[in-house]
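# Chains, contacts and geometry: an overview
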Amino acid sequence: MAARIIFNPTAGNGKARQLMESIQGLLPDDVEVVTTQYPGHAVELAREVAENEEMTVISLGGDGTHHEVINGLMPTAKATFAVLPAGTGNDFVRMLGYPTNPAEMLQIALMGPTRRLDVGRVNDQYFLTVSGVGFDAEVAGWVNRHEKHGNGTWVFLRAILKHLAQYRSQPVTVTVDGASREHMTFLIAVGNSRYYAGGMLMCPEAGLDNGLFHVIWVRQLSRLAVLPLLARVFRGSHVKHPAVETFLAAELTVTGPQHLLVHADGEIIGHLPATFSIVPEAIRVRVGRPV
Ligand SMILES: Nc1ncnc2c1ncn2[C@@H]1O[C@H](COP(=O)(O)OP(=O)(O)OP(=O)(O)O)[C@@H](O)[C@H]1O
C-alpha cells in the first residue's frame, strides 16, 4: 500500500464528499480510502500506519481532520503526510502551494515533492496552524459546537460578532526563556503557520521550516477597537497596532485563569496552563511548491 486517504465525509458541508467523488475514478490500485466514523477516528486511522516509511497518509477534510491525522502520526511520524483540502477554512494548505483542480491536487498529494516541516506542540497535542488562548479560543469553541454554514470567513465573523459583547480580557502571564510578564490579555496566538479562521493572516512571520513560532499577544482592547483590529488581521497589519506585541520563540508557557480555553488548529484541547514547544522538521509533507 503506497497511500492511505483518511476521508472525513462530514468536513466542509459536503465539500469533502464532492472532492472524494471527483477523485474516486483517478485513484491508483495501491491507494486505500478509509472513512472516519466519528470525531477522533482520524487519529486512530493515522496511528495505524504512522510507522510505515513507504506510506503517504493523506488527510481529506478540513483543518480539524488534518489536526487529528497529525496527532495520529506524531510523535515519530515515519509516514509522509499530505492533504486534500475540503474544509470550511483550509488554512494549513494556504502555505503549501497546492493547485485547486482536484486531479492536480491528487497528483501532488500522491507524488508531490516532500519537505520536512515543523509541527507545534501544546501540552499533549500537536498542531499545524495556530494554537492559542483567549477570545479566538472562545470563538473556535462556539464554531465547533455549531453547524458551519457558508464560507469559512463568514462563519468565523458571525461567531466573532456574537462573542464580542460578552468577552472580557483576562490577566495572563507569558514565560519565555525564564522571564515572566503579566498583562490583561484579549488573546494570544502561537503560530506554526500563518493563517487560521478561514484566511486570517494572524501570524504573518510564521514559517513552517524555521524552528520558531510567531507569537501574537493582543492586550486588553476597548470593544470599539476590536473590529477595526480584526479587519487588519486579513492583511497582517494588526502586528503594527499599539495593543499588539509580537515575538518569535521556540518555547513558551502561558498561565492565567483556569477556565480559559486553549485551542489548537481551531479545535478546543483543554484549559490553561499551556506549554507550547516547536518540534522542528517533525514531519515529511508533500507540497505543491517550496513552502
Ligand atoms: N464520521 C464523522 N461524524 C461526525 N464528525 C466527524 C466524523 N469524522 C470526523 N468528524 C469530525 O469532524 C470535525 C470537522 O472536521 P474538519 O475540521 O476537517 O472540517 P470543517 O470543520 O468543515 O473544516 P475546517 O476545520 O477547515 O473549518 C472534526 O473535528 C472531526 O473530529
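Above this text sits the structure in question.
Residues numbered from 1 in each chain as written. Predicted model: local features only at pLDDT ≥ 70, side-chain atom pairs only at ≥ 80, totals over all residues. Heavy atoms only, no water.

Those residues of helix 4 (residues 102-111) that fall on the buried side of the exposure criterion are Met 105, Leu 106, Ile 108, Ala 109 and Leu 110. Each element contacted by the buried residues of helix 4 is listed here: strand 1 (3-7), helix 1 (15-24), strand 2 (31-35), strand 3 (56-61), strand 4 (80-85) and strand 15 (274-286). The residue sitting at the N-terminus of helix 4 and contributing the capping side-chain oxygen is Asn 101; that oxygen lies 2.9 Å from the backbone nitrogen of Ala 103. (Buried < 20%, exposed > 50% of the residue type's maximum accessible area, 1.4 Å probe, protein only. Helix = DSSP H or I, 4+ residues; strand = E, 2+ residues; numbered from the N terminus. Contact = heavy atoms within 4.5 Å. Polar contact = N/O pair within 3.5 Å; in protein donor to acceptor, adjacent residues only side chain to side chain.)

Attention now moves to the packing of helix 1 against helix 4. Running from N to C, helix 1 and helix 4 point in directions that differ by 80°, and their axes come no closer than 9 Å. Put simply, helix 1 runs roughly perpendicular to helix 4. Contact residues: Leu 19, Ser 22 and Ile 23 in helix 1; Pro 102, Met 105 and Leu 106 in helix 4. The residue inventory of the contact of helix 1 with helix 4, partitioned by class, reads five nonpolar, one polar and no charged. (Axes fitted to C-alpha atoms, helices over the stretch in contact; angles between N-to-C directions. Parallel < 35°, antiparallel > 145°, perpendicular 65-115°, else oblique. Nonpolar A, V, L, I, M, F, W, Y, C, P; charged D, E, K, R; others polar.)

Another point: the pattern of salt bridges. For the structure on display, the rule yields seven salt bridges. Its salt-bridge partner being Arg 4, residue Glu 48 comes within 2.7 Å of it at the nearest N-O pair. Highlighted residues: Glu 48 in the loop between helix 2 (41-47) and strand 3 and Arg 4 in strand 1, separated in sequence by 44 residues. Taking the relative accessible area as the measure of exposure, Glu 48 reaches 55% and is therefore exposed. Among the ionic pairs, Glu 51 bridges to Lys 78, the shortest N-O distance being 2.9 Å. Note that Glu 51 is positioned in the loop between helix 2 and strand 3 and Lys 78 in the loop between helix 3 (63-73) and strand 4, a separation of 27 residues in sequence. Classification of Lys 78 by relative accessible area gives partly exposed; the value is 34%. A single network of salt bridges, built from pairs that share partners, joins Arg 4, Glu 32 and Glu 48. (Salt bridge = Lys/Arg side-chain N within 4 Å of Asp/Glu carboxyl O.)

Turning next to the nonpolar core. In this structure, Ile 23, Leu 60, Leu 73, Phe 81, Leu 84 and Leu 96 are the most contacted members of the largest nonpolar core, which totals 51 residues. Element by element, the count of residues in this core is highest for helix 4, at five residues. Those residues in contact with Leu 84, other than ones at most four positions away along the chain, are Ile 5, Leu 19, Ile 23, Ile 58, Ser 59, Leu 60, Gly 61, Met 105, Leu 106 and Ala 109. Counting 29 residues, the second largest nonpolar core, distinct from the first, contains Val 155, Leu 187, Cys 203 and Leu 229. (Core = buried A, V, L, I, M, F, W, Y, C linked by side-chain atoms within 4.5 Å.)

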